[in-house]
Amino acid sequence: RAMAAEGRDGPGSAGRRLPPHSPSGLVLQTVEMHTGGEPLRIVPRLEAAEEAAARGLSLLSLRREVAATQDHVRRALVHEPRGHAGMYGAVVVRGGAAADGVHLAVLFLHGAGYSAMCGHAVLALGRFALDYGLVAEPRCPETPVCLRCPCGPVTAFVPWDGRRSGNPVRFHSVPAFAVTTDLAIDVPGHGKVVVDISYGGTFYAFLSAEQLGLDVCSSKTRDLVNAASAVTEAVKKQFKLHHPESEDLAFLYGTILTDGKDAFSEEPTTNICVFADEQVDRSPTGSGVTARIALQYHKGLIQLDQTRTFRSSTTGSLFTGKAVKATKFGDYNAVIVEVSGEAYYTGAATFTVEEEDPLKNGFFFK
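Remember, it's a predicted structure, so these values are computed and weren't measured experimentally.

Enquirer: Can you lay out the overall build of the protein chain for me, pointing to particular residues and giving the numbers?
Expert: Assigned secondary structure in the protein chain consists of six helices and 18 strands. Computed over its C-alpha atoms, the radius of gyration of the protein chain comes to 20 Å, within 12% of the 21 Å expected for a compact globule of 366 residues. Burial statistics for the protein chain: of 366 residues in total, 54% are counted as buried. Considering only intrachain contacts with a sequence separation of at least 6, the fraction spanning at least 24 residues in the protein chain is 64%.

Enquirer: Go over helix α1 (residues 47-54), please, and point to the residues and values.
Expert: Listed as buried for α1 are Ala48, Ala49, Glu50, Ala52 and Ala53. Contacts made by the buried residues of α1 are with α2 (59-69) and β3 (89-93). Positive backbone phi, approximately 90 degrees, marks Gly56, located one or two places after α1.

Enquirer: I'd like a rundown of the state of the cysteines, residues and numbers included.
Expert: Throughout the structure, instances matching the rule amount to zero disulfides. Counting only cysteine sulfurs, Cys146 is the nearest neighbor of Cys140, a cysteine outside any disulfide, at a range of 18 Å. Free cysteine Cys273: the closest other cysteine sulfur is in Cys118, separated by 9.4 Å.

Enquirer: Give me the pairing of strand β7 (residues 152-159): which residues, what numbers.
Expert: Within β7, six of the eight residues are buried, leaving the element largely enclosed by the surrounding structure. Relative to β7, strand β6 (residues 142-149) runs antiparallel, the two sharing eight bridges. Looking across to β7, one finds that Cys146 is bridged to Thr155. Joining the antiparallel neighbours β6 and β7 is a turn of two residues. Pairing between β7 and strand β8 (residues 169-172): three bridges, direction antiparallel.

Enquirer: A description of the pattern of salt bridges should follow, citing residues and the corresponding values.
Expert: Throughout the structure, instances matching the rule amount to 15 salt bridges. Across the pair Glu142 and Arg170 runs a salt bridge, and its minimum N-O distance is 2.8 Å. One end of the pair, Glu142, is in strand β6; the other, Arg170, is in strand β8, with 28 residues separating them in the sequence. Given the relative accessible area of 23%, Arg170 is considered partly exposed. Here Asp259 ties to Arg292 by a salt bridge, and the two come within 4.0 Å at their closest N and O atoms.

Enquirer: Please provide a residue-by-residue account of the packing of aromatic side chains, values included.
Expert: Here a ring pair, both rings aromatic, is described through the centre-centre distance and the interplanar angle of the planes. Enumeration according to the criterion identifies 13 aromatic pairs in this entry. An angle of 25 degrees between the planes, with centres 4.6 Å apart, marks the rings of Phe128 and Tyr132 as stacked. With a relative accessible area of 1%, Phe128 lands in the buried category. An aromatic cluster of three or more residues is present, and its members are Tyr88, Tyr204, Phe206, Phe251, Tyr253 and Phe275. Positioned above the aromatic ring of Phe157 is the side chain of Arg170, whose terminal nitrogen or guanidinium carbon lies 4.3 Å from the ring centre.

Enquirer: An account of the domain arrangement of the protein chain is needed here, citing residue identities and associated values.
Expert: Looking at the assigned domains, one finds that the protein chain contains domain 1 (26-168 + 345-351) and domain 2 (174-340). Across the boundary between the two partners, domain 1 contributes 26 residues, which contact 25 residues of domain 2. In total, domain 1 and domain 2 occlude about 1800 Å² of area from one another, counting both sides; carbon and sulfur atoms represent 59% of this. With a shortest N-O distance of 2.1 Å, Arg64 and Asp248 are connected by a salt bridge. Along the contact surface separating domain 1 from domain 2 lie seven residue pairs in polar contact (both at pLDDT 80 or more). Of all the elements in the fold, those that place two or more residues in the side of domain 1 that touches domain 2 are α2, α4 (119-131) and β7. Classifying every residue of the side of domain 1 that touches domain 2 gives 13 nonpolar, ten polar and three charged.

Enquirer: So what's going on with α4? Residues and values would help.
Expert: The first and last C-alpha atoms of α4 sit 19 Å apart over 13 residues, in line with the 18 Å expected at 1.5 Å per residue. Burial analysis of α4 places twelve of its 13 residues in the buried class, which makes it a mostly covered element. Here α4 has its buried residues at Gly119, His120, Ala121, Val122, Leu123, Ala124, Leu125, Gly126, Arg127, Phe128, Ala129 and Leu130. At the C-terminal side of α4, Gly133 shows a positive phi close to 75 degrees.

Enquirer: Residue-level account of the packing of α1 against α2, with values.
Expert: For the pair α1 and α2, interaxial distance at closest approach is 10 Å and the crossing angle is 140 degrees. On the basis of their axis angle, the class for α1 and α2 is oblique. Classified by chirality, the crossing of α2 by α1 is right-handed. Counted together, Ala49, Ala52 and Ala53 of α1 and Leu62, Glu65 and Val66 of α2 form the full contact between these two elements. The residue inventory of the contact of α1 with α2, partitioned by class, reads five nonpolar, no polar and one charged.

Enquirer: Outline the nonpolar core, supporting the account with residue identities and numerical values.
Expert: As a rule of thumb, soluble globular proteins bury nonpolar side chains together. Judged by nonpolar contacts, the single largest core of 89 residues is most densely connected at Phe108, Val122, Leu125, Val145, Cys149 and Val195. The residues that make up this core include at least three from each of domain 1 (26-168 + 345-351) and domain 2 (174-340). Membership of the second largest hydrophobic core comes to 23 residues, among which are Ala53, Leu62, Val73 and Tyr114.

Procedures and definitions
Starting afresh in each chain, residues are numbered from 1 along the sequence in its written order. Reporting of local features is limited, given that this is a predicted model, to residues whose pLDDT is at least 70; pairs of side-chain atoms are given and counted only at 80 or more, and all residues count toward the totals for whole chains, interfaces and linings. In computing side-chain properties, one takes all heavy atoms of the structure into account and sets aside hydrogens as well as water. To qualify as a helix, a DSSP run of H or I must reach at least 4 residues; to qualify as a strand, a run of E must reach at least 2; elements of each kind are numbered from the N terminus. For the radius of gyration, the atoms used are the C-alpha atoms, and the globule rule reads 2.2 Å times the number of residues raised to 0.38. Residue exposure (1.4 Å probe, protein chains only): buried if accessible area is under 20% of the type maximum, exposed if over 50%, otherwise partly exposed. By the convention used here, residues are in contact when the closest approach between their heavy atoms is within 4.5 Å. In this description, the term disulfide denotes a pair of cysteine sulfurs within 2.5 Å. When DSSP locates at least two bridges between a pair of strands, those strands are taken to pair. Any carboxyl oxygen of Asp or Glu that lies within 4 Å of a side-chain nitrogen of Lys or Arg is treated as forming a salt bridge with it. By convention, a stacked pair of Phe, Tyr or Trp rings (six-membered ring in the case of Trp) has centres within 6.5 Å and planes under 30 degrees apart, an edge-to-face pair has planes over 60 apart, and any other such pair is tilted. Note on geometry: a ring has a charge over it if NZ (lysine) or CZ (arginine) is within 6 Å of the ring centre and within 35 degrees of the ring normal. Where each domain starts and ends comes from a domain assignment, either automatic or drawn from a database. Two parts placed together each lose some accessible area under a 1.4 Å probe, and adding up what both lose gives the buried area. Side-chain atoms alone can form a polar contact between residues adjacent in sequence; in general such a contact is a pair of N or O atoms within 3.5 Å, and within protein one must be able to donate a hydrogen while the other accepts it. Amino acids are sorted into nonpolar (Ala, Val, Leu, Ile, Met, Phe, Trp, Tyr, Cys and Pro), charged (Asp, Glu, Lys and Arg) and polar (every other residue, Gly among them). A helix is expected to reach a length of 1.5 Å times the quantity of its residues less one. Interaxial angles span 0 to 180 degrees and are taken between N-to-C directions of axes, which are lines fitted to C-alpha atoms, for helices over the stretch in contact. Any angle from 65 to 115 degrees is called roughly perpendicular, while one under 35 is roughly parallel, one over 145 is roughly antiparallel, and all others are oblique. Handedness of a helix crossing follows the sense of rotation of the near helix relative to the far helix, less than a right angle counterclockwise being left-handed and clockwise being right-handed. Within this scheme, the nonpolar core is defined by two criteria: the residues are buried Ala, Val, Leu, Ile, Met, Phe, Trp, Tyr or Cys, and they are joined through side-chain atoms within 4.5 Å.

Pasting the structure below:
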């Protein structure tokens, strides 16, 4: 069961909770946010996840358990009619999974399943953690918020004025690294293209839209999505990924098409991220910016502490990114990347499920 909602009595309700729901049906409370236009539907508490975490499961194991036993929650909140094709969610997990100096652990939800990392969500969750009392003593002018993500620990730095959180929020990533560069891939319908693969908490393929006969700023989004999805599927078939710590993390999350402007510049560079099952990020993509910075650093195109600005081709929203520290991760030369962006609240919601509803767990179509 999810966190119960407090009902409001209305005229003629005779004390009943509104809207009505089945006695055994879900009642889900959420906090609604967006970062750069990309939505985040936060579930502040999911009892089943916290009970599983209390058994000592690692966050990656918890991710598997929730996928196996609580996937109806994801589908109900992310899919239609409560969600939409671009909806994204996060389940906050307190207790066991958030021990050892971590303020909260988090599971990321999208239309096709569960991600290992999500930068736009981390930026929003940093604000949420302060405003909803998950950090005992926030301090001015900025408070660090320690999150445990499936990919590892991430720290957000959140402005605090003594009463509420503010913007911009920034975070320091898990070690990010280039996997391979100039990899030739045969993409059906497009022929041979050259991609780079990089890791920013999850793996992405990168290439300029120009290689696919498209322009990331002016082509139809549907054409960009189709092409990026074809690249993702081709890379999955033709290249084997490996993660230094866990094979659970060794999957290609999506493809990011760019304007090709990889060399350092004060001008923004534009990209579009197509991830999971043809889902389109409305923001510049926090984990994607992390991976792209790592790639540019690997190629010698940027130096430590050089800040680049990244623009989403879908909304025009901006993130900044910079490599702040060189490190090692397994056999890889890696960097810690700082990503900064603005996250905003859009509301709060109570969702109910009626057991007799044939579409109670949501539906999804393209």
